[in-house]
Amino acid sequence: MIYLDNAATTRVSDEVFEAMRPYFCELYANPSAVYSFAGKSMKAVDEARKSVAGLIGAKPNEIYFTAGGSESDNWAVKAAAEAYHTKGKHIITSTIEHHAVLHTCQYLEKQGYEVTYVPVDASGVIRLDELEAAIRPDTILITVMAANNEIGTIQPLKEIGALARKNGILFHTDAVQAYGHIPLDVDALNIDMLSASGHKFHGPKGIGFLYIRKEVCIGSFVHGGAQERSRRAGTHNTPGIVGIGAAARLAAGGLEKRMEKETALRDYLISRVLAEVPLSRLNGHATDRLPNNANFSLSFIEGESLLILLDQQGICASSGSACTAGALDPSHVLLALGLSREAARGSLRLSLSEETTKEDIDVTVEALKKIVARLRSMSPQYEDFLKQQKKDEEKIKAEY
Ligand SMILES: *Cc1c(COP(=O)(O)O)cnc(C)c1O
């Protein structure tokens with residue numbers, strides 16, 4: 001099997017799994033209990049908090065463990081709206097956010113909030129001039145993702161953070177795709193809240209965190225016990241927390257080297273596909289993109305069929321179309337770039353990891369070439385296109 005869907009989830013590293021193992025059957029105490037047996041678990045939770053905070057230049061007491069990226073996004077956006085509603089009810093976001101942010105904003109619109117969805121350019125970078133123009137006296141929150149999960153484009157966080165700070169507006173970023181993959185510093189980027197999730201960087205699923213800057217006063221999302229300084233109730237998921245801590249430690253070590261290696265492999269993949277698969281285009285930014293993300297549009301190809309045939313060759317990939325209620329909806333992200341519905345349906349996302357090899361890429365490109373040719377040979381639209389192309393060529397010849 002060749003796994004090229006690391007933007008959907010990653011394999012738990014062996015080191016991470018080994019770090020977690022004792023916290024299931026041996027050190028199973030509730031970390032909040034008073035006996036010394038529990039102290040060992042609480043110590044592990046504290047250590048993990050330090051590791052997680054260290055990677056973004058945060059203080060450990062600004063980290064709140066949650067059940068993942070979706071919960072962190074929901075908490076940040078809903079709690080900010082609630083806490084600052086006396087100042088205003090206007091929120092700014094982008095058109096290409098993950099649904100965890102977009103659907104939360106839509107929910108708030110039903111509660112009487114106003115949301116401005118700032119567009120992106122053709123490579124998926126938010127239009128800063130439009131973002132600035134959207135700011136109003138009643139704007140309480142700017143929430144823009146650090147890097148996009150489909151096309152990998154990295155957003156100008158520093159500029160967004162500066163705009164938010166200048167105007168006294170909270171800045172939240174969904175960094176689920178970026179954390180552990182590229183350097184992030186909450187102070188340098190003026191980030192007030194940041195969401196991340198363990199399973200996107202070789203940690204376990206169902207654990208994430210929300211960074212909340214010390215000065216930010218938002219309420220709790222899960223009410224109940226006094227865990228996480230009374231801001232997120234619920235018995236600590238000790239194995240999960242230990243896992244995300246270990247994954248953060250691993251990600252921090254050799255981040256630059258890993259980025260270099262992944263970027264080289266990504267660019268090798270991109271150049272081979274663009275050169276060897278006819279009528280293919282790269283989606284997203286050429287250079288300001290996640291080291292592990294490649295996203296293509298392939299004309300006259302239907303994404304779902306492509307994925308099925310790749311799967312038959314043992315290749316796990318993803319497409320920018322989501323099957324909702326039996327209908328194939330092209331991705332909102334690809335449409336926001338200005339792609340036609342057809343181009344958005346014929347997209348392919350290949351997301352690499354540190355474990356991906358050059359051989360994996362070579363096998364994938366060879367398979368892709370064959371599959372694309374086969375699917376096109378069955379496409380009436382492609383046949384029409386070839387006929388038209390031939391006609392055009394003959395016309396040009398006749399004219400000379
Ligand atoms: C995966 C992802 C999420 C959701 O994270 P979960 O931990 O799966 O809930 C949110 N935002 C982005 C950008 C993601 O890639």
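The preceding data block contains the structure.
This is a predicted model, so every value here is computed, not measured. (Residues numbered from 1 in each chain as written. Predicted model: local features only at pLDDT ≥ 70, side-chain atom pairs only at ≥ 80, totals over all residues. Heavy atoms only, no water.)

Here's the deal with the packing of helix α10 (residues 255-276) against helix α14 (residues 358-377)
Two elements in contact, α10 and α14, have axes separated by 10 Å at closest approach and are oriented at 20 degrees. The pairing of α10 with α14 is recorded here as roughly parallel in orientation. With respect to the hand of their crossing, α10 and α14 are arranged in right-handed fashion. From α10, L265, Y268, L269, R272, V273 and E276 reach across to α14, where they touch K358, I361, D362, V365, E366, L368 and K369. The residue inventory of the contact of α10 with α14, partitioned by class, reads seven nonpolar, no polar and six charged. (Axes fitted to C-alpha atoms, helices over the stretch in contact; angles between N-to-C directions. Helix = DSSP H or I, 4+ residues; strand = E, 2+ residues; numbered from the N terminus. Parallel < 35°, antiparallel > 145°, perpendicular 65-115°, else oblique. Left-handed = near helix turned anticlockwise from the far one by under 90°. Contact = heavy atoms within 4.5 Å. Nonpolar A, V, L, I, M, F, W, Y, C, P; charged D, E, K, R; others polar.)

Description of the sheet that holds strand β10 (residues 293-298)
Spatial strand order, β9-β10-β14: three strands in an open sheet with antiparallel pairing. Because the sheet does not close on itself, it has two edges, and the strands there are β9 (280-282) and β14 (347-351). Pairwise comparison of adjacent strand axes, ignoring direction, gives a mean angle of 25 degrees for this sheet. Sheet topology places β9 next to β10; three bridges connect them, and they run antiparallel. Its bridge partner being in β10, L282 is matched across the sheet by F296. (Pairing = 2+ DSSP bridges.)

Some remarks on the nonpolar core
By size, the foremost hydrophobic cluster in this structure holds 60 residues, and its most contacted members are I56, F65, I142, Y179, L194 and F209. Counting residues per element, this core draws most heavily on helix α9 (residues 238-252), at six residues. Residues contacting F65, with those up to four places away along its chain left out, are V45, A48, R49, V52, I207, G208, F209, E228, R232, I241 and I244. Counting residues in each nonpolar core, the second largest holds 27 residues, with I2, V273, L298 and I315 among its members. (Core = buried A, V, L, I, M, F, W, Y, C linked by side-chain atoms within 4.5 Å. Buried < 20%, exposed > 50% of the residue type's maximum accessible area, 1.4 Å probe, protein only.)

As for the packing of aromatic side chains
Across all of its chains, the model carries seven aromatic pairs by this definition. Note on Y64 and W75: the rings are 5.8 Å apart at their centroids and 80 degrees apart in plane angle, and the pair reads as edge-to-face. Taken as a pair, Y64 in strand β2 (residues 63-66) and W75 in helix α4 (residues 69-83) lie far apart in primary sequence, 11 residues in all. Among the residues examined, Y64 registers a relative accessible area of 5% and is labelled buried. Look at Y179 and F209: their rings are 5.1 Å apart centre to centre, the planes differ by 75 degrees, and that puts the pair in the edge-to-face class. With Y179 in the loop between β6 (170-174) and β7 (193-197) and F209 in strand β8 (residues 208-212), this pair connects stretches of sequence that are 30 residues apart. Here a set of aromatic residues connected by ring pairs shows up, and it is made of Y179, F201 and F209. Over the ring of Y107 we find K78, and its NZ or CZ is 5.0 Å from the ring centre. (Phe/Tyr/Trp six-rings, centres within 6.5 Å; stacked < 30°, edge-to-face > 60°. Lys NZ or Arg CZ within 6 Å of the ring centre and 35° of its normal.)

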